[in-house]
Amino acid sequence: MTSPQRRWWHVARDTGLLDPDGAVRRTVFAEVSDLAARTGAINLGQGFPDVDGPEHVVQVAVEAIRAGRNQYPPGDGVPELREAVAAHAADRYGMRVSPQDVLVTVGATEAIAATLLALVGPGEEVLAPEPYYDSYAAATALAGARLVPVPLVRREGGFRLDVDALAAATTDRTRVLLLNTPHNPTGAVLDEHELAAVARLARDRDLVVVTDEVYEHLTFDDARHVPIATLPGMAGRTVTISSAGKTLSFTGWKVGWVIGPPPLVDAIRTVKQFLTYSGGAPFQLAVAAALTDPDGRTAHFLTELRTSLRRRRELLCEGLTAVGFDAVRPQGTYFVVADAAPLGVADGAELCRAMPTTVGVAAVPVSAFCRDGGPGQQALASWVRFTFVKREDVLHDALGRLEGLHRG
């Protein structure tokens, strides 16, 4: 086996892409989506809206294309967007951010990859709450580092971070605490006590905190998103990542950004320039206009979106409960996780592979968001993730089909 082959094998092993016998396997995400397409199932597995975002933002993109803003934008991002991201962080959260502290990326996934490749290396460790977005493990493995999962624990009202376990998992090799709040897939929003505990640990152990905040605008009820960078002593050791895809319902535009202190952003830029360098020039301008929001149309869209998502969240949670799932009402994002054990299901992955054919609904097992073969995967083996970012008529149809699980 050549050196590049060995490197690939280790990445594939660490991200669960190899079977126990060493054969390459497809991710459950791809498998379930293909099943949905082949069977005509309603796809509640993939998290993308079935309705586009605000028309006034689309028009800015169209005008930018027609005006010839179609060539490579600056590697750091167009100045308009960097200024808008900095102003948004200041206006909404009181963060002291300069446009020079902002790096535009091709979505948050690239931002996460560039950040981890820049900040960790072989033999070092990244701590992340489990379950976690699958790119975290892949990017950590590509950097030659090790992802150490820390459990999110089911408690009354939802999932919470086990801060004692986080502290216990920290070693001399730990370099980064990787947080996702609001959290995919559980819908948890870290509260002030959890954030304070993370911040205290980061300061005491001299760690960098990387936060994935792509659902920052999609919180419900009394939950409030607080960037950890706003806590005392954290601005200089936090990399904040977000994007426009979830906020504006334009997931295909792939416009994301990184905010952080210059030494960290400089390191991330060094990596990012050899990934995509730049992209999406007209979409960057449209997102800048949306964030600037001079006439309040974006704010109105977000208010309406949250109201609609709250209604759809209730529809899905109540419907899943009626079917027999133990559904957890999320504080944020647009996902519901539900335990299928009350239905007599022990293996959520097996259920998700069967549902497109048996009842015509696709969903994703929560075990796919856990380390392969680890205790977190075992603890969440019967759990399934559904999205409610679909039209209400689609959700009603899906819930009607899911009633077929009783007959199965």
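Keep in mind it's a predicted model, so treat the numbers as computed, not measured.

Engineer: Where do I start with the packing of helix 4 (residues 79–93) against helix 11 (residues 281–292) in this structure?
Structural biologist: Packed helices, taken two at a time, are described by the angle their axes make and the gap between the axes. The interhelical angle for the contact between helix 4 and helix 11, taken along N-to-C directions, is 30°, at an axis separation of 8 Å. Viewed along their axes, helix 4 and helix 11 adopt a mutual orientation that is roughly parallel. For helix 4 against helix 11, the interelement crossing comes out left-handed. Side by side, helix 4 and helix 11 meet where Glu-80, Leu-81, Ala-84, Val-85 and His-88 of the first sit next to Gln-284, Leu-285, Val-287, Ala-288, Leu-291 and Thr-292 of the second.

Engineer: Quick question: what am I supposed to make of the sheet that holds strand 13 (residues 364–365) here?
Structural biologist: Strand pairing in a sheet takes place through backbone hydrogen bonds and is either antiparallel or parallel in direction. Read across the sheet, four strands follow the order 10-11-14-13 without closing on themselves; strand pairing throughout is antiparallel. Both edges of this open sheet fall to strand 10 (326–328) and strand 13, since each of them pairs with a single strand only. The pairing of strand 13 with strand 14 (residues 383–387) spans two bridges and is antiparallel. Bridge pairing in strand 14 places Pro-365 opposite Val-384.

Engineer: I keep staring at the nonpolar core and nothing clicks. Help me out?
Structural biologist: Generally speaking, nonpolar side chains in soluble globular proteins are found buried as a group. Ranked by size, the top nonpolar core spans 72 residues in total, and within it Val-176, Val-239, Leu-320, Phe-325, Phe-386 and Leu-402 carry the most contacts. With nine residues, the single largest contributor to this core is helix 12 (residues 297–323). Three or more residues apiece are contributed to this core by two domains, here domain 1 (7–52 + 299–406) and domain 2 (55–292). Residues Ala-61, Ala-86, Val-102 and Ala-244 belong to the second largest nonpolar core, which totals 28 residues.

Engineer: Is there a simple way to think about helix 6 (residues 134–142) in this case?
Structural biologist: Residues spaced three or four apart along an α-helix point in a common direction, a consequence of the helix completing one turn every 3.6 residues. Considered for burial, the residues of helix 6 that qualify are Ser-135, Tyr-136, Ala-137, Ala-139, Thr-140 and Ala-141. At the C-terminal side of helix 6, Gly-144 shows a positive phi close to 80°.

Engineer: Could you clarify how one ought to interpret a nonpolar patch on the surface in this entry?
Structural biologist: On the surface, a nonpolar cluster with roughly 230 Å² of combined accessible area is contributed by Leu-117, Leu-142 and Leu-275. Inspection of the secondary structure puts Leu-275 in the loop between helix 10 (262–272) and helix 11. Its relative accessible area of 42% is what places Leu-275 among the partly exposed residues.

Engineer: I keep staring at the pairing of strand 9 (residues 256–259) and nothing clicks. Help me out?
Structural biologist: Residues in a regular strand project their side chains so that they alternate between the two faces of the sheet. Here strand 9 shows no split at all, with Gly-256 and Val-258 on one side and Trp-257 and Ile-259 on the other all buried. Bridge count between strand 2 (residues 102–105) and strand 9: four bridges; the pairing is antiparallel. Within strand 9, the residue paired with Val-102 across the bridge is Ile-259.

Engineer: Looking at this model, I keep getting lost on the packing of aromatic side chains. Mind explaining?
Structural biologist: Where two aromatic rings form a pair, the distance of their centres and the angle of their planes describe that pair. The full count for this structure, using the stated rule, is nine aromatic pairs. Seen from their ring centres, Tyr-215 and Phe-335 are 6.2 Å apart, and the 75° between their planes marks the pair as edge-to-face. Of this pair, Tyr-215 sits in the loop between strand 7 (208–212) and strand 8 (238–243) while Phe-335 sits in strand 11 (residues 335–339); the two residues are 120 residues apart in sequence, bridging distant segments of the chain. Classification of Tyr-215 by relative accessible area gives buried; the value is 3%. What makes Phe-335 buried here is its relative accessible area of 2%. Taking 5.4 Å as the distance between ring centres and 65° as the angle between the ring planes, the aromatic pair formed by Tyr-334 and Phe-335 counts as edge-to-face. Assessed through its relative accessible area of 1%, Tyr-334 is described here as buried.

Engineer: I keep staring at the UniProt feature "domain: Aminotransferase class I/classII large" (unreviewed entry) in the chain and nothing clicks. Help me out?
Structural biologist: The UniProt feature table records "domain: Aminotransferase class I/classII large" (unreviewed entry) at residues 41–394. Summarising residues 41–394: 40% helix, 18% strand, and an end-to-end C-alpha distance of 11 Å.

Engineer: Explanation requested: helix 2 (residues 28–39) in the structure shown.
Structural biologist: In this model, helix 2 (12 residues) spans 16 Å end to end at C-alpha, consistent with the 16 Å of a helix rising 1.5 Å per residue. Three or more residues of helix 2 are buried, namely Val-28, Val-32, Ser-33, Leu-35 and Ala-36. Projection of helix 2 onto a plane perpendicular to its axis shows the buried side chains occupying an angular sector of 155°, all on one side. Helix 2 presents Ala-37 and Arg-38 as exposed residues on the side facing more than 90 degrees away from its buried surface. Close packing links the buried residues of helix 2 with strand 1 (42–43), helix 13 (348–358), strand 12 (361–362) and strand 13. Downstream of helix 2 by a residue or two, Gly-40 has a phi angle that is positive, lying close to 75°.

Engineer: Help me understand the sheet that holds strand 8 in this model?
Structural biologist: The strand order across the open sheet formed by eight strands is 2-9-8-7-6-3-4-5, and the pairing between neighbours is mixed. Only two strands of the sheet have a single partner each, and these edge strands are strand 2 and strand 5 (158–161). Averaged over all pairs of adjacent strands, the angle between their axes in this sheet comes to 25°, without regard to strand direction.

Engineer: What exactly am I supposed to notice about the environment of Gln-46 here?
Structural biologist: Along the chain, Gln-46 falls in the loop between strand 1 and helix 3 (55–66). The partly exposed category is assigned to Gln-46, whose relative accessible area is 37%. Sequence separation of Gln-46 and Phe-335 is 289 residues, and the distance between their C-alpha atoms is 9.7 Å.

Engineer: What exactly am I supposed to notice about the domain arrangement of the chain here?
Structural biologist: In many reports, interface size means the accessible area that the parts give up when they come together. When its domains are assigned, the chain resolves into domain 1 (7–52 + 299–406) and domain 2 (55–292). At the junction of the two partners, domain 1 supplies 36 residues and domain 2 supplies 41 residues. Of the roughly 3,200 Å² buried between domain 1 and domain 2, counting both surfaces, carbon and sulfur atoms make up 60%. Summed over the shared surface of domain 1 and domain 2, the number is two salt bridges. Remark: the boundary between domain 1 and domain 2 carries 14 residue pairs in polar contact (both at pLDDT 80 or more). Those elements giving two or more residues to the side of domain 1 that touches domain 2 turn out to be helix 1 (3–14), helix 12, strand 10, strand 11 and strand 14. It is helix 12 that provides the largest number of residues to the side of domain 1 that touches domain 2, a total of seven residues.

Conventions used here
Residues numbered from 1 in each chain as written. Predicted model: local features only at pLDDT ≥ 70, side-chain atom pairs only at ≥ 80, totals over all residues. Heavy atoms only, no water. Axes fitted to C-alpha atoms, helices over the stretch in contact; angles between N-to-C directions. Helix = DSSP H or I, 4+ residues; strand = E, 2+ residues; numbered from the N terminus. Parallel < 35°, antiparallel > 145°, perpendicular 65-115°, else oblique. Left-handed = near helix turned anticlockwise from the far one by under 90°. Contact = heavy atoms within 4.5 Å. Pairing = 2+ DSSP bridges. Core = buried A, V, L, I, M, F, W, Y, C linked by side-chain atoms within 4.5 Å. Buried < 20%, exposed > 50% of the residue type's maximum accessible area, 1.4 Å probe, protein only. Domains from an automatic or database assignment. Patch = residues over 30% accessible without salt bridge, like charges linked within 9 Å, V, L, I, M, F, W, Y side chains within 5 Å. Areas by Shrake-Rupley, 256 points an atom, 1.4 Å probe, with all protein chains shown as cover. Salt bridge = Lys/Arg side-chain N within 4 Å of Asp/Glu carboxyl O. Phe/Tyr/Trp six-rings, centres within 6.5 Å; stacked < 30°, edge-to-face > 60°. UniProt positions renumbered as here; feature names shortened; annotations may be inferred. Expected span 1.5 Å × (residues − 1). Arc of directions from axis to C-beta. Buried area = accessible area lost by both parts, 1.4 Å probe. Polar contact = N/O pair within 3.5 Å; in protein donor to acceptor, adjacent residues only side chain to side chain.

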